[in-house]
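# Results of the structural survey
Residues per chain are reported as follows:
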Amino acid sequence: MAEELGQVESEASQADVEWRVRGGAEPSSRRLVLPPSWVSPSGGLPPEFSSWFPALEVLDVSGTGLSLLGPELLGLARLHTLLAKNNRLGAAGSLPKGLAGAPLGLSLRVLNLSGNRFTHVPASVLGLRRLQSLSLGSNRLHSIPPAIQELSSLEFLYLGGNFITSIPPELANLPSLSYLVLCDNKIQSIPPQLAQLHSLRSLSLHNNLLTYLPREILNLIHLEELSLRGNPLVVRFVRDLTYNPPSLQELAGRTIKTRNVHYVPSDLPGNLLRYLNLASNCPNPKCGGVYFDSCVRQIKFVDFCGKYRLPLMHYLCSPECSSPCSSGSQSSTSQSESDSEDEAIVAARRMQKVLLG
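Residues numbered from 1 in each chain as written. Predicted model: local features only at pLDDT ≥ 70, side-chain atom pairs only at ≥ 80, totals over all residues. Heavy atoms only, no water.

Right, let's talk about empty space enclosed by the protein for a bit. Evaluation of the coordinates by the stated rule reveals 3 cavities of 30 Å³ or more. Here the largest cavity defines a volume of roughly 80 Å³. For the lining of the largest cavity, the residue count by class is 11 nonpolar, no polar and no charged. (1 Å grid on protein atoms, 1.4 Å probe; cavity = no way out; pocket = protein on both sides within 12 Å on 5 of 7 lines; lining within 4 Å. Points joined across faces, edges and corners; volume = space filled by probe spheres on them. Nonpolar A, V, L, I, M, F, W, Y, C, P; charged D, E, K, R; others polar.)

With that out of the way, let us pick up the sheet that holds strand S4 (residues 110-112). In space, the 9 strands of this open sheet follow the order S1-S2-S3-S4-S5-S6-S7-S8-S10, with parallel pairing throughout. On the outer flanks of this sheet lie strand S1 (31-33) and strand S10 (225-227), each paired with one strand and no other. This sheet shows a mean twist of 5 degrees between the axes of neighbouring strands, independent of strand direction. (Pairing = 2+ DSSP bridges. Helix = DSSP H or I, 4+ residues; strand = E, 2+ residues; numbered from the N terminus. Axes fitted to C-alpha atoms, helices over the stretch in contact; angles between N-to-C directions.)

Turning to unusual backbone geometry, a few remarks are in order. Positive phi outside glycine occurs at aspartate 184, with the angle close to 55 degrees. Judged by its relative accessible area of 36%, aspartate 184 falls in the partly exposed class. In this structure, asparagine 207 takes a positive phi of about 60 degrees despite not being glycine. Along the chain, asparagine 207 turns up in the loop between strand S8 (202-204) and strand S9 (213-214). (Buried < 20%, exposed > 50% of the residue type's maximum accessible area, 1.4 Å probe, protein only.)

Note that glutamate 57 resides in the loop between helix H2 (49-52) and strand S2 (58-60). Distance in space between the C-alpha atoms of glutamate 57 and leucine 108 is 9.1 Å, their sequence separation being 51 residues. Sequence-distant contacts of glutamate 57, defined by excluding residues within four places in its chain, comprise Arg30, Arg78, Leu79, His80 and Thr81. (Contact = heavy atoms within 4.5 Å.)

Glancing now at helix H4 (residues 248-258). The α-helix winds at 3.6 residues per turn, so residues separated by three or four positions along the chain end up facing the same way. Buried within H4 we find Glu250, Gly253 and Arg254. Down the axis of H4, the buried side of the element spans an arc of 100 degrees, and every buried residue falls inside it. If you follow the buried residues of H4, they end up packed against helix H5 (270-276) and strand S12 (290-291). After H4 finishes, the residue asparagine 260 shows a positive phi value of roughly 55 degrees. (Arc of directions from axis to C-beta.)

Within the structure shown, the criterion is met by 6 aromatic pairs. Here the aromatic rings of tryptophan 38 and phenylalanine 49 are separated by 6.5 Å at their centres, their planes lie at 70 degrees, and the arrangement is edge-to-face. Placement of the pair is tryptophan 38 in the loop between S1 and H2 and phenylalanine 49 in helix H2, with a sequence separation of 11 residues. Consider the rings of tyrosine 275 and phenylalanine 292, whose centres lie 4.5 Å apart with planes at 10 degrees: the pair is stacked. Of this pair, tyrosine 275 sits in helix H5 while phenylalanine 292 sits in the loop between S12 and strand S13 (296-304), and the two are 17 residues apart along the sequence. For the pair shown, tyrosine 275 and phenylalanine 292 are each scored as buried. Grouped by ring-pair contacts, the aromatic residues Trp38, Phe49, Trp52 and Phe53 constitute a single cluster. (Phe/Tyr/Trp six-rings, centres within 6.5 Å; stacked < 30°, edge-to-face > 60°.)

On to the side chain of serine 133. Inspection of the secondary structure puts serine 133 in strand S5 (residues 133-135). Beyond its immediate sequence surroundings of up to four residues, serine 133 is in contact with Arg109, Val110, Leu111, Leu154 and Phe156.

Right, let's talk about the side chain of serine 204 for a bit. With respect to the secondary-structure elements, serine 204 resides in strand S8. For serine 204, a relative accessible area of 13% puts it in the buried group. Among all residues touching serine 204, those that are not within four sequence positions of it are Leu180, Val181, Leu182, Cys183 and Ser227.

Structure follows, in structure tokens:
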């Protein structure tokens, strides 16, 4: 009898210790903000964590100094939101192995890892097919992996405040993406494939190195917010022409295409056949010309949804070819007789809404 009583007292004492370790949080808790005192000297969580809180749905471990999220989280089958901002995560192995196939990987919908030390998007994160919101802002990312397209349920992606220089075309393969934040990076151009994001409503590109936008961005008909401030975009109607004279091969190819010179595949080597198939039509309907490698890069302002005028890149076959999307006059004296001074001011203000915010 005495032994049984001693065992009960021992179990009660152990339960009391666990209660104090858990800070008095109930095992049935659905939301938990982790106190920094729970972090172990090695920078992780207690090994028994998932058994302590099997009903947990929202876990906030932000600002606790964590450097490791280990297997103690994998069993949280109800956790849909994990906030781990402003910690020391980022080293190899700082996220648990087997995350995508674990109960946590199947339940997780929101993951915030902003303000850490990641130099690349963790491979374990790229396997979270049901993830809807991913934040990796203010880390040390230099690129976006093409495998980002594997996050097929993603609706919100925040990658601001990194060192990203380019956007992979694969990012356009996220059919549900509605909010894309790429501000405060070093991005120099936007891939035209981004226009395939038909669900996109907000696009933040401010404080980058953009000098123009692709013409295809006009296809984002559901876009409600476009932030471009802090980019070296042109702020008035100017024409920027650069042109390299075409090679003899291109001149010959242009002649064949524009004059409809008849040929059959057996007439030409395979490399020339492939070259001729690469011809692009000049966007000017009055021109009818084509180009291959040599073209004129021209920045033009184009109406966007009837609200803004955006600087878009056009490609013309030669400097003598005028673009049909010209935004107006060649000089200040020939600026459309139908446009009053007040209308010009309104247009400038519309443009400012895009370029500055």
